[in-house]
Amino acid sequence: VKDPEERSKMELSHEKIKGIVVVYLKGSLSIATTEEFYSQVSSLLDDGEKNFVFHISSLDFIDSTGLGTLVRLTKRIKEKNGEIRLAEPQTHIKEMFELIRMDKVLPIDKTKEEALEAFE
Amino acid sequence: MNNSNGNVEQTGHPCEHFLRIVYEAPSRRKAIMSLSESAAFTVEKMGVETDFNRLKLVLMEVLTNALLYGNLDIPSSLRDSQGEDAFWELVKQREEDEAFSSKKIILELECASYEIRCSVKDQGEGFNWREYLRSKDANDMEGYHERGILLILSCVDSLSWNEKGNEIRFTIELNE
């Protein structure tokens, strides 16, 4: 059982592959961490990036604020004629996306490679 | 636990009401995350057979509502009228304002042999849950608040509010 402090943290990193920004999300995307997430992705958008894959295989927890932040970012990315895809969600996270029908707004791919190929 | 005070009681009888947790947290986003994690962690460590992702999710959702719409008194209509940036800017301002942030959120959680019972109470003005439930269309579940309610409903086996609407109670049946 992981320590509560550990479980409430979020780690964020990114790299650029074939012109697409792959954002790696690890830990917990919740009301306590979304501000940092939104701010970092917004900076990338402000720098001119518009195509994103959010790689979420290590994302253990997301709440409605985290989901709402993904919707908010999706709108901003689409306003820039960009595209956003999610890759490798854990089963319980994927079920949440389906429950609230977010899989209709945000395409979900089984692997990062599949998500990257979808841009081609 | 950061920014929140907890009190855990364990009674001797393993079959009925063997764990009771009472936590109090200030009105800050990090404090409610910490509270939700700690409560779920305590239940998990006690060996209660349940889905911890589900428990943590419903705790986060009800604590978020208590924080934003209860103690910080943020109008949910602000999102539509002024946008998300204005909404979260007001949240930040009120977290820094002692008049709002000093208000407490109280979480009480009990584990019995067959269910988890939980209540979350804030010090806000409450909300008209009867009108809210009447006004909601089952197909109209795509706003922020609606997503939260939908997630709560998907996690709990029963849900109710007190008359004033500043205390929510739910139960989760335990695994066989």
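Nothing here was measured: the structure is a model prediction, and the numbers come from that model.

### Quick look at the overall build of chain A
Alright, step 1. Check the secondary structure of chain A and you find five helices and five strands.
Alright, step 2. Moving toward the C terminus, one meets the helices and strands of chain A in the order α-β-β-α-β-α-β-α-β-α.
Alright, step 3. On C-alpha atoms alone, chain A measures out to a radius of gyration of 13 Å, which is about the 14 Å that the 2.2 N^0.38 rule sets for 120 residues.
Alright, step 4. Taking the principal axes of its C-alpha atoms as reference, chain A extends roughly 40 × 25 × 25 Å.
Alright, step 5. Expressed as a percentage of the 120 residues in chain A, the buried residues total 52%.
Alright, step 6. Pairs at least 24 residues apart make up 69% of the contacts formed inside chain A by residues separated by at least 6 positions.
Alright, step 7. In the form shown here, chain A has an accessible surface area of approximately 5600 Å², with 45% of it arising from carbon and sulfur atoms.
Alright, step 8. Here chain A contributes 18 positive and 23 negative side-chain charges, whose respective centroids are spaced 4 Å apart.

### Topic: helix 4 (residues 84-95) of chain B
Residues and elements named next belong to chain B.
Alright, step 1. Along its twelve residues, helix 4 runs 17 Å from first to last C-alpha, staying within 8% of the 16 Å computed at 1.5 Å per residue.
Alright, step 2. Along helix 4, the positions that sit buried rather than exposed are Glu84, Phe87, Trp88, Leu90, Val91, Arg94 and Glu95. Along the long axis of helix 4, the arc covered by the buried residues comes to 155°, so they all point the same way.

### Here's the deal with the confidence of the model for chain B
Detailed conclusions should not be drawn from predicted coordinates in areas where pLDDT is low.
Alright, step 1. Overall, the prediction assigns chain B a mean pLDDT of 85, with 84% of residues at 70 or greater.
Alright, step 2. Across the interfaces of the predicted complex, the ipTM metric reaches 0.86, alongside a pTM of 0.88.

### A few points about the sheet that holds strand 5 (residues 108-109) of chain A
Residue and element names in this part refer to chain A.
Alright, step 1. Ordered by their spatial adjacency, five strands build an open sheet running 1-2-3-4-5, and the pairing between neighbours is mixed. In this open sheet, the two edge strands, each paired with only one partner strand, are strand 1 (10-17) and strand 5.
Alright, step 2. Where strand 1 and strand 2 (residues 20-29) come together, eight bridges link them in antiparallel fashion. Residue pairing across strands places Glu15 opposite Val22, the latter belonging to strand 2.
Alright, step 3. The strands touched by helix 3 (residues 64-79) are strand 2, strand 3 (51-62) and strand 4 (83-87); relative to strand 3, the strand with the most contacts, the crossing angle is about 180°.

Rules used throughout
Residues numbered from 1 in each chain as written. Chains lettered and ligands numbered in written order. Predicted model: local features only at pLDDT ≥ 70, side-chain atom pairs only at ≥ 80, totals over all residues. Heavy atoms only, no water. Helix = DSSP H or I, 4+ residues; strand = E, 2+ residues; numbered from the N terminus. Rg over C-alpha atoms; globule rule 2.2 N^0.38 Å. Buried < 20%, exposed > 50% of the residue type's maximum accessible area, 1.4 Å probe, protein only. Contact = heavy atoms within 4.5 Å. Areas by Shrake-Rupley, 256 points an atom, 1.4 Å probe, with all protein chains shown as cover. Lys, Arg positive; Asp, Glu negative; His and termini not counted. Charge placed at Lys NZ, Arg CZ, Asp CG, Glu CD. Expected span 1.5 Å × (residues − 1). Arc of directions from axis to C-beta. pLDDT = per-residue confidence, 0-100. Pairing = 2+ DSSP bridges. Axes fitted to C-alpha atoms, helices over the stretch in contact; angles between N-to-C directions.

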